[in-house]
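Notes for the structure review
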Amino acid sequence: MTAALHLAYWQTTTIKVLVVMGVIPLGALVLAYVFLLKMMSHMQSRLGPMEAGPHGVLQLLADAGKFLQKEDVFPERADRAVFALAPVVVLMSAFLLYVVIPAGPRLTVSNLDTGVFFALAVSSLSVLGVLMAGWSSANKYSLIGALRAAGQLIAYELPLVLGVVGVVIQAGTMSLQGIVQAQAHGALLGFKTLGEPYILPQALGFVLFIVGAQAELTQTPFDMPLAETELVAGYMVEYTGFRFLFFFMAEFGTAFAFAAIGATLFLGGWYVPGVHGTAADVLGPFVLGAKIMLVSFFIFWFRFTYPRFREDQLQAVAWKYLIPLALVNILVTGLLKVVV
Amino acid sequence: MAELPGLIKGLGVTLRTMLRPAVTVQYPHEKETPPTRSRGVIALKEENCTVCMLCARSCPDWCIYIEGHKDKAPPRREGGKPRTIQLLDRFDIDYGLCMYCGICVEVCPFDALFWSPEYEYSEVSIAELLHDKERLGDWMKTVPEPLALEAGAEVKKGAKN
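Residues numbered from 1 in each chain as written. Chains lettered and ligands numbered in written order. Predicted model: local features only at pLDDT ≥ 70, side-chain atom pairs only at ≥ 80, totals over all residues. Heavy atoms only, no water.

This next bit is on the overall build of chain A. If you tally the helices and strands in chain A, you get 13 helices and 0 strands. Helices (α) and strands (β) of chain A occur, in sequence order from the N terminus, as α-α-α-α-α-α-α-α-α-α-α-α-α. In terms of overall dimensions, chain A has C-alpha extents of about 65 × 50 × 40 Å along its principal axes. Buried positions account for 49% of the 340 residues belonging to chain A. (Helix = DSSP H or I, 4+ residues; strand = E, 2+ residues; numbered from the N terminus. Buried < 20%, exposed > 50% of the residue type's maximum accessible area, 1.4 Å probe, protein only.)

Residue and element names in this part refer to chain B. Here strand β1 (residues 41-44) shows a buried face lined by V41 and A43 and a second buried face lined by I42 and L44. Two strands pair when backbone bridges link them, and β1 and strand β4 (residues 113-116) are joined in this way by 4 bridges, in the antiparallel orientation. Following the sheet pairing, I42 is matched in β4 by W115. (Pairing = 2+ DSSP bridges.)

Turning our attention to the interface of chain A and chain B. Each side of the interface is counted separately: chain A has 16 residues, and chain B has 15 residues. In this assembly, chain A and chain B are joined by 0 salt bridges. Inspection of the chain A/chain B interface yields 7 residue pairs in polar contact (both at pLDDT 80 or more). In terms of residue count, the dominant contributor to the side of chain A that touches chain B is helix α12 (residues 278-305) of chain A (5 residues). Its residues placed into classes, the side of chain A that touches chain B shows 10 nonpolar, 4 polar and 2 charged. (Contact = heavy atoms within 4.5 Å. Salt bridge = Lys/Arg side-chain N within 4 Å of Asp/Glu carboxyl O. Polar contact = N/O pair within 3.5 Å; in protein donor to acceptor, adjacent residues only side chain to side chain. Nonpolar A, V, L, I, M, F, W, Y, C, P; charged D, E, K, R; others polar.)

Another aspect to go through is empty space enclosed by the protein. Inspection of every chain in the model, using the stated rule, returns 3 cavities of 30 Å³ or more. In this structure, the largest cavity occupies an estimated 220 Å³ of space. For the largest cavity, the lining is made up of 17 residues, of which V90(A), L217(A), T218(A), Y235(A) and E251(A) are closest to its centre. Contributions of two or more residues to the lining of the largest cavity are made by α4 (80-97), α6 (125-136) and α11 (241-266) of chain A. For the lining of the largest cavity, the element with the most residues is α11(A), which contributes 5 residues. A per-class count over the lining of the largest cavity returns 10 nonpolar, 5 polar and 2 charged. Surrounding the second largest cavity, 14 residues form its lining, C49(B), C52(B), C55(B), C108(B) and A112(B) being those nearest its centre. (1 Å grid on protein atoms, 1.4 Å probe; cavity = no way out; pocket = protein on both sides within 12 Å on 5 of 7 lines; lining within 4 Å. Points joined across faces, edges and corners; volume = space filled by probe spheres on them.)

In structure tokens form, the structure reads like this:
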């Protein structure tokens, strides 16, 4: 974009900020509507919202309007400043994830050399927001939910990161743009035309990534921090109105971002065989969008199928199975990289 | 890892359910026909009622209000005594209280109460749920014909069919 149009720095920056700020609510809306409202309903043999717009497409806008009208309630003994800041921190974590996701050869907010590292580091920022929310609410359910979230997110950060390391080793770069290029120019078993989407050689890494992402998003079967049957809504108990809306938007915005990272790392991102140059810039966002929907489908399919883990089962899955598997994956990938 | 086949089976179940049409009926737009003998609303056939009060007394919720008076009717035979009959002044059922047990319908010895499958009579005000005898009489139009007797069943004396 910058090379072709010669825009000033402030102009490109403004455009980037506006695009990212548009992408979060849009992505959250699309995911929440397509998967939360519609796919889940049909998986439970019902229709979901049908009245607001055709097939209920406007339902979420109606809900958002409702949330905005609500009173902004602070619990009496809450730590007001921290309480008010927590949803912003969580949303900011989702916001920052979009910085490194490339949507085309030149369509990227910032092509960091350590893109993967940045994305994973920033995604764990939301734990901080969750802990802030749980602590400042002055509510025991909130606090238990927040501590569970902290324990869970730390446990599942490891398989997530270690699962991604395999991709990084194979691509030889941590830049997301570089990983897309590596997949585009790779040759799977000497077959060059289709590139090499890493979901095939790194299938185990993909599974680890999906499971880890599921836990990072605190979605069922890893939703102990929310556990509505025991903790009501965990760290979100005391939040109402637009602050709750922030959490909701961050949840689906982060899901969208994680799906985008998954699509970039394992499905070739914006790359589609046979499209290069400016055409890839135009087509890239749509290709990436389609791949995001595919990854999201898997994430939400698991979410709507499985019941919640017990706390000890949750930790056992991470430490006993996922992390050893991830280490084996790294070892094998490293060996093959050196040998082949 | 022994749980893995079950986990995959679960994914199959949700996927298959998703691809099947939903069972939901979009109520105000499309309606299901209630099954025969549904307990929708109770209808009153006023000319059969003798104000015997059995229904009101058997009602567990005390939701039936009956008032009546005695009156003289012309004798059946020439030169006989005038008969004493009971006339209905008030017959109300409070559907705000009714629990649709149907005891009143069963207990009525003169076939004055019937079940109708009609169920759309919700009101904005709870007082409107008290149906008077005119309204209960109107429900008679919605009462279905009784089901045909089984082959070989004993036909009651004086029955029309």
